[in-house]
Amino acid sequence: MQAIQTKGLVRRYRNVTAVDGLDLEVRQGDLFALLGVNGAGKTTAIRMLSCLTVPTAGEAIVGGYSVVREPDRVKAQIGVSPQETALAPNLTVKENLELICGVYGFSKEKTKGKIRELAGVFGLESVLKRKAGKLSGGWQRRVSIAMALICEPKILFLDEPTLGLDVLARYELWEVIGRLKGKITIILTTHYMEEAEALSDRIGIMKNGRLLAEGTAEELKLRAGAEDFEKAFVTIIKERDV
Amino acid sequence: MRMRIFAKRCAKEILRDPINLAFGLGFPLILLALLSCLQANIPVPLFEIDTLTPGITVFGLSFITLFSATLIARDRESALLQRLYTTPLTSLDFILGYMLPMLPIALGQTVICYLFAIPFGLTCSVHIVYAVLGMIPVAVFNIALGLLCGSIFGVKQVGGICGAMLTNLSAWLSGVWFDLKLVGGLFEKMANALPFVHAAEMEKALFGGNLLDAAAHLLPILAYSVLVTAGAVCCFLRQMKKQ
């Protein structure tokens, strides 16, 4: 069954077409990576799928509902971790998690249980009482993803989750994301080749708002006739330049 | 319920920022103390404590505009709002959540200013209660102005516009620091067309127990409060749609 399906999805900003006729299918439970250079349209695509931006044309069905006609139903099924850390800096990590539990109307007991569960999954126990704004980038990303998971989403959007992190923090976050694989559908945008290859079930390569190729890392390598994934990515991107 | 949770978060964000406390509370109190000392040596009718304190409380509210604008602009830039837009929070939850917690903070600031002025010789009477209650529409105006600026500008711009320009405008055009009649002309007309001088005069009148005089100044403040609140709501909804 498909978790996400888009047909001819377009988003234009005045003279710029950020996403240009995106046709995408993501299977339930898959980790799907949208890979591309800066300005490829990855973030705009995610924003449309998470009901933050209204498409100019086309259709997107997320979790069985239309992002245009039924955004409230879509929102009930998704969790979003934006590119920026999106935390309340003067609140502690625990208070940030409580805030999200509160806006979803959780009871006190459910909130307590959810925080305990997420603190365990993301290893947040040691930082629960620290102000979110004082944490390192890596910890802030962990908290950000934990916040996105509070509503128990069927589909999780991670927009450039490891952007700006050092190697160690990136690997630690990969482990965390890896633990979520198979439990929910994850859409991840990145411009790190190794990240897409290491984490994803399937990868879509975007350029200038268009989806150039889609498949597993192996399929994409085979298609490009390249030995490693980075070369495959460059070949596919350049192929379409000609 | 959801709005209350969001409002609680906004209050915590503001009250836990030491810069907010330093400017919002420290600055008006230091001014009160300094000008009272000055007054003790060189008496100036404008700086008599019973005249000065109501004016300082009005000036202090310009910092509330700055806090509210900075909070919203920062939430927009950090994408916290973007995250929250994908939750069941409604636009009304956001607007009330930003505005309501600022009201007790603004009134708290006013009460502290009056209490602080008592040892400097402020007349202690029931009129202080009138003056504090009279601050409600002034506070609404300042909070709404913060919502408006925070919805339009980024954090850096808010610092310049609300932090420097607005606090200066509020200071010069309120008649707290000098008699506007001394300047006269276009400057006085401009000041009278804006709400700051009316807020300061209303506070002075309420503190002096002159309710009729206060009522005359209330009308322009209410008009500005309604106008700015409507503008702020429109701008917030517009940026919400844009997000």
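The structure under discussion appears in the preceding block.
Read on for an overview of the structure. Quick caveat, the model's predicted, so the values are computed rather than measured. (Residues numbered from 1 in each chain as written. Chains lettered and ligands numbered in written order. Predicted model: local features only at pLDDT ≥ 70, side-chain atom pairs only at ≥ 80, totals over all residues. Heavy atoms only, no water.)

This next bit is on the overall build of chain B. For chain B, the helix and strand inventory stands at 12 helices and 0 strands. Overall, chain B shows an N-to-C arrangement of helices and strands of α-α-α-α-α-α-α-α-α-α-α-α. Its C-alpha atoms give chain B a radius of gyration of 18 Å, near enough to 18 Å, the size a compact globule of 243 residues would have. Dimensions of chain B, computed from the C-alpha atoms along their principal axes, are close to 60 × 35 × 30 Å. Buried positions account for 52% of the 243 residues belonging to chain B. Long-range pairs, those at least 24 residues apart, make up 79% of the contacts in chain B between residues at least 6 apart in sequence. Carbon and sulfur atoms provide 73% of the accessible area of chain B, an area that totals close to 10,600 Å². Once the 16 positive and 12 negative side-chain charges of chain B are each reduced to a mean point, those two points are 16 Å apart. (Helix = DSSP H or I, 4+ residues; strand = E, 2+ residues; numbered from the N terminus. Rg over C-alpha atoms; globule rule 2.2 N^0.38 Å. Buried < 20%, exposed > 50% of the residue type's maximum accessible area, 1.4 Å probe, protein only. Contact = heavy atoms within 4.5 Å. Areas by Shrake-Rupley, 256 points an atom, 1.4 Å probe, with all protein chains shown as cover. Lys, Arg positive; Asp, Glu negative; His and termini not counted. Charge placed at Lys NZ, Arg CZ, Asp CG, Glu CD.)

With that out of the way, let us pick up the packing of helix α3 (residues 93-103) of chain A against helix α4 (residues 108-122) of chain A. All names here are of chain A. Taken N-terminus to C-terminus, the directions of α3 and α4 make an angle of 130°; their axes are 10 Å apart at the nearest point. Comparing their axes, α4 and α3 come out oblique. In the packing of α3 onto α4, the handedness of the crossing is right-handed. Judged by residue contacts, K94, L97, E98 and C101 of α3 engage T111, K114 and I115 from α4. (Axes fitted to C-alpha atoms, helices over the stretch in contact; angles between N-to-C directions. Parallel < 35°, antiparallel > 145°, perpendicular 65-115°, else oblique. Left-handed = near helix turned anticlockwise from the far one by under 90°.)

Take the pattern of salt bridges next. Residues and elements named next belong to chain A. Under the counting rule described, the total for this entry stands at 21 salt bridges over all chains. For the salt bridge of R69 with E59, the shortest nitrogen-to-oxygen distance reads 2.8 Å. You can see R69 sitting in the loop between β5 (65-66) and α2 (71-75) and its partner E59 sitting in strand β4 (residues 57-62), a full 10 residues away along the chain. Two residues, E197 and K221, come together in a salt bridge whose shortest N-O distance is 3.3 Å. (Salt bridge = Lys/Arg side-chain N within 4 Å of Asp/Glu carboxyl O.)

In short, geometric facts, not functional conclusions.
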